[in-house]
Amino acid sequence: MAYKRQVDRLPIIPADAKEHNVTCHYCIVGCGYKAYTWPMNKQGGTAPNQNKFGVDLSEQQFQDTEAWYAPSMYNIVKQDGKDVQLVVKPDANCVVNSGLGSIRGARMAENRPSDVSGTQLQRLSDPLVWRNGTWQPTSWDDALDLVARVTARVVTEGSEDDLVVSMFDHGGSAGGYENTWATGKLYFESMKVKNCRIHNRPAYNSEVHSTRDMGVGELNNSYSDYEITDTIFMIGANSMETQTNLYLNHMVPGLQNGAKFIMVDPRRTVTVHSSEQWAGKENVLHLAINEGSDMVLFNAILTHIVDQGWTDDDFIAASTFQGSEAVAQDSAHPASLGSLDHAMQDCRTSLDEAAEICGVAAADIQKAAEWIAKPHDDGSRRKCATAYEKGIIWGNDNYRTIGALVNIALATGNVGREGGGVCRLGGHQEGYYRPADGHVGRPAEYVDQFLIRGLGGVHHIWACDHHKTTLNAAEFKRVHKRRADMVKDAIDGAAGGTREQVVDAIVSAISAGGLFVVDVDIIHSQIGQNAHVILPACESNEMNLTSMNGERRLRLSERYMDPYGNSRPDCLIAAGIAQHMERVLREMGEGAYADQFQGYDWQTEEDAFMDGYNAGNPEVTYERLRAAGNNGVQEPVSGYENGTLVGTERLYADGTFDRHGRDDGKALFCAAGWRGWQAPGKAREKAAHKYWINNVRANIFWQNQFLDQKNQFIQDRFPYPFIEMNPEDMVEEGLNPGDLIEIINDNGVTQGMAYPTATARRGQVAMVFGSPAGSQGNVINPGVNELVLPNYKHCWGDIRKISNATHETAGITFKSKEVTL
Ligand SMILES: Nc1nc2c(c(=O)[nH]1)N[C@H]1C(S)=C(S)[C@@H](COP(=O)(O)OP(=O)(O)OC[C@H]3O[C@@H](n4cnc5c(=O)[nH]c(N)nc54)[C@H](O)[C@@H]3O)O[C@H]1N2
Ligand SMILES: Nc1nc2c(c(=O)[nH]1)N[C@H]1C(S)=C(S)[C@@H](COP(=O)(O)OP(=O)(O)OC[C@H]3O[C@@H](n4cnc5c(=O)[nH]c(N)nc54)[C@H](O)[C@@H]3O)O[C@H]1N2
Ligand code: SF4
Ligand SMILES: [Mo]
């Protein structure tokens, strides 16, 4: 019997089951899956002509057979109003994952809402409106009317600056070209909202301004580059757990082909351990640097490469800027940009200086430089694929640190070439298509602080939960709740009144400092507790959704089931808000303004796709993407020939760089001078506390656990957020495995359970981020960089025991996460 699933057999997929292309909607990798659906009263048989796999299932199958699926890949869902059986399993023919699943993707089916099997019944089925002291279900028209009336009053009596928007900018679940276009059209075309922020950071900006300003877009290689490179240089990422099948299906083959592996992470991760097993310890270099010191390491590596003459001089001459300074440092550019010589004036750092600041041996830094750039014995250049993510993006001095890393790739000619690339590994898939956002400005408004200062009157929230995932979260939550409660009280006080009277009461409460909150989500989230209107969205595969993955591979993930209850695609919710805004504004006598909200008469998500993405990329249609299947096409799409979309395997293959928009097509180097802890308050906090509170992701969880929180398989393993600790530190604090602990500093308090980890360094703990049972963001200070990029990763605190292990935590395993194969 399958563990905890109460099943000892599952139906065989019948030969005539319907087949749908699915791109996993969780992480950036975008693995290909197939969904099979068939009627409740049917199942396949063992004879080859009776099952989908066309094999004789009465015979023993080989170990890696495709003619198999796990209980987590099965469910019963609604399709066209009828219950159907569903299997979602990895696609062996998808080049991204070659049939591999992951502990997240392989549970897509069991994470679907089902009235029959009882899974994910936390999903919202109807709009909810705050009425008579609680949230009451209502119709779409009723809910959208209230949203539009309050929003229209506030933006006409004040200005559009009084509307604050938190919205996703990504692909995959809660995003995609359809939905980013619709929200973008609403807030950036019909309106010009500038007080908006992205789901994962407190402003509307780029995670990687510097690489773009240098001309280098951040997703520039192909996953296959990792298979043919000489060195994989990974910084601040834990790909085995966070980009799982990119690591397993592309990086591991690279290691097996003889590539060296360099990992820069203060923490020893399972990616380091796994790479040691595949490549041999002698081919893995883990630089466990002091937290936040990456820039110094990169500068020393660059300096060594320049001094040894290992630079790619032809590439530098042909493809990079040859003057001195090209862009001066100013309020929009935290460092100046220009030629290599220009950058070296600020970057020059000796191996010994770096060893001192980074806390690793000079010889190891030299070794890294050699693995990256020392030519082969025959004089040929080494290929190096560089990959980074949140350890430096949410780290110290984002702009300069990422700039310093891209410098190395440019100096060694490792961009636009086979086996090269300097790329974000990514988080969600990408799916950004919006009207111009220039009105937002740079630096953009720090929206969390704007709200905390009592500004703004209406807050529209799309698919994010700042209670669990923002910085300075303790204060944010306190203020947000207080302001939202003022409006709840006003609504309660106006009970029994007409719609006009209720809206008047809300608007007066807003004038007195209240905040009217609209939350668009698939569940009733934590920030949703402050909402006055909750609008139920549906997920990917309950609608058709297009996104691209980390190698810019665009696919259509097909709808195979109905939206749960009355939930709708986000793009159609945005259209509904626009339509109600138009009507309400006209009623208010604001005819010209009302006209701006026209053009949303979409019936389906495909209409939103055609209105946005297709208008800019006329070759790309649903029909052509459907035909392109799970391998899709790599963006940018340059044409349609012989029945196929023509894509781009690798960016910058011709040696011209355009991401900065400069006419000369030359890449720029970044003058990344080291300045210690850049964000306000960090150095002081570090000095005042005993522990660095690193915060990380884990294979088993998806994001803020919005589905995981109602999934027994996950809750059974980690009932509370884990806090990895060195066993000796635990003894010093009087802790046993599974004990509940608090982390305390001046910003707030959070809690979790102690998880002994032999490889954790003394004085460093690693807490899983975004947990519903303990928000790590409570203890992060508000410090950001000049362009409002948060430094989530670096905060310090003290630890206090709350209680002995509870019934839940006492029963779990505390075995090492390092599994030896
Ligand atoms: N399983 C799983 N996968 C996911 C997600 C998930 O929730 N679960 N989320 C997705 C999303 S949205 C994102 S953005 C990505 C994030 O993917 P990653 O960036 O790989 O994930 P994190 O665990 O947040 O951070 C990576 C590492 O940064 C290290 N780090 C901390 N401080 C420093 C530092 O100063 N320098 C360096 N060099 N490293 C440091 C941490 O020790 C950690 O191991 O994952 C995506 N994939
Ligand atoms: N301390 C710390 N904080 C961090 C980070 C960190 O490393 N450390 N990382 C940051 C990063 S990289 C990220 S990405 C953020 C994540 O922060 P969030 O964006 O807040 O977290 P998610 O879990 O992605 O939130 C998804 C929300 O959307 C809902 N949802 C899911 N699908 C849909 C849909 O189709 N439509 C709609 N409307 N809603 C949907 C879910 O129920 C959930 O409430 O956290 C950031 N915060
Ligand atoms: S690696 Fe990412 S995209 Fe692939 S199955 Fe896992 S969560 Fe989904
Ligand atoms: Mo992310």
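Below you will find a few notes about this structure. (Residues numbered from 1 in each chain as written. Chains lettered and ligands numbered in written order. Predicted model: local features only at pLDDT ≥ 70, side-chain atom pairs only at ≥ 80, totals over all residues. Heavy atoms only, no water.)

**A look at the site of ligand 2**
Inference 1: What surrounds ligand 2 is a group of 29 residues, the closest being Thr469, Asp521, Asp570, Asn695 and Gln776.
Inference 2: Within the contact set of ligand 2, a nitrogen atom lies 3.2 Å away from a side-chain nitrogen or oxygen of Trp394.
Inference 3: One of the backbone N or O atoms of Asp465 is found 2.8 Å from an oxygen atom in ligand 2.
Inference 4: In isolation ligand 2 has 920 Å² of accessible area, and contact with the protein removes 98% of it.
Inference 5: Of the residues belonging to the shell around ligand 2, the class tally is 13 nonpolar, nine polar and seven charged. (Near = heavy atom within 4 Å. Polar contact = N/O pair within 3.5 Å; in protein donor to acceptor, adjacent residues only side chain to side chain. Areas by Shrake-Rupley, 256 points an atom, 1.4 Å probe, with all protein chains shown as cover. Nonpolar A, V, L, I, M, F, W, Y, C, P; charged D, E, K, R; others polar.)

**Remarks on the environment of Gly639**
Inference 1: Within the secondary structure, Gly639 sits in strand β22 (residues 639–641).
Inference 2: Measuring from C-alpha to C-alpha, the distance between Gly639 and Ala512 comes to 56 Å, with 127 residues separating the pair along the chain.
Inference 3: Non-local contacts of Gly639, meaning those with residues more than four positions away in its chain, are made with Glu619, Thr644, Leu645 and Val646. (Helix = DSSP H or I, 4+ residues; strand = E, 2+ residues; numbered from the N terminus. Contact = heavy atoms within 4.5 Å.)

**With respect to the environment of Arg424**
Inference 1: Following the sequence through the fold, Arg424 ends up in strand β15 (residues 422–424).
Inference 2: Sequence separation between Arg424 and Phe722 is 298 residues, and the spatial gap between their C-alpha atoms is 26 Å.
Inference 3: Once you skip the residues sitting within four places of it in the chain, Arg424 turns out to touch Glu207, Val208, Glu218, Leu219, Tyr388, Glu389, Lys390, Ile393 and Glu430.
Inference 4: A distance of 2.8 Å separates polar atoms of two side chains, one belonging to Arg424 and the other to Glu389.

**Brief notes about the pairing of strand β28 (residues 748–756)**
Inference 1: The buried fraction of β28 amounts to seven of the nine residues, a majority that puts the element mostly inside the structure.
Inference 2: Two strands pair when backbone bridges link them, and strand β26 (residues 722–725) and β28 are joined in this way by four bridges, in the parallel orientation. By the bridge assignment, Met725 is partnered in β28 with Pro756.
Inference 3: Where strand β27 (residues 740–745) lies against β28, six bridges are found, and the strand directions are antiparallel. Paired with Ile743 across the bridge in β28 is Thr750.
Inference 4: Taken together, β27 and the strand that follows it, β28, pair antiparallel across an intervening segment of two residues. (Buried < 20%, exposed > 50% of the residue type's maximum accessible area, 1.4 Å probe, protein only. Pairing = 2+ DSSP bridges.)

**Structural notes on the pattern of salt bridges**
Inference 1: Per the stated rule, a full pass over the model turns up 58 salt bridges.
Inference 2: Its salt-bridge partner being Asp169, residue Arg201 comes within 3.7 Å of it at the nearest N-O pair. Of this pair, Arg201 sits in the loop between β8 (196–198) and α3 (209–213) while Asp169 is found in the loop between β7 (163–167) and α2 (176–190), placing the two residues 32 residues apart along the sequence. Exposure class is identical for Arg201 and Asp169. Each is buried.
Inference 3: Through salt bridges with shared partners, one network takes in Arg131, Asp142, Asp145, Arg149, Arg499, Glu500, Arg583 and Glu587. (Salt bridge = Lys/Arg side-chain N within 4 Å of Asp/Glu carboxyl O.)

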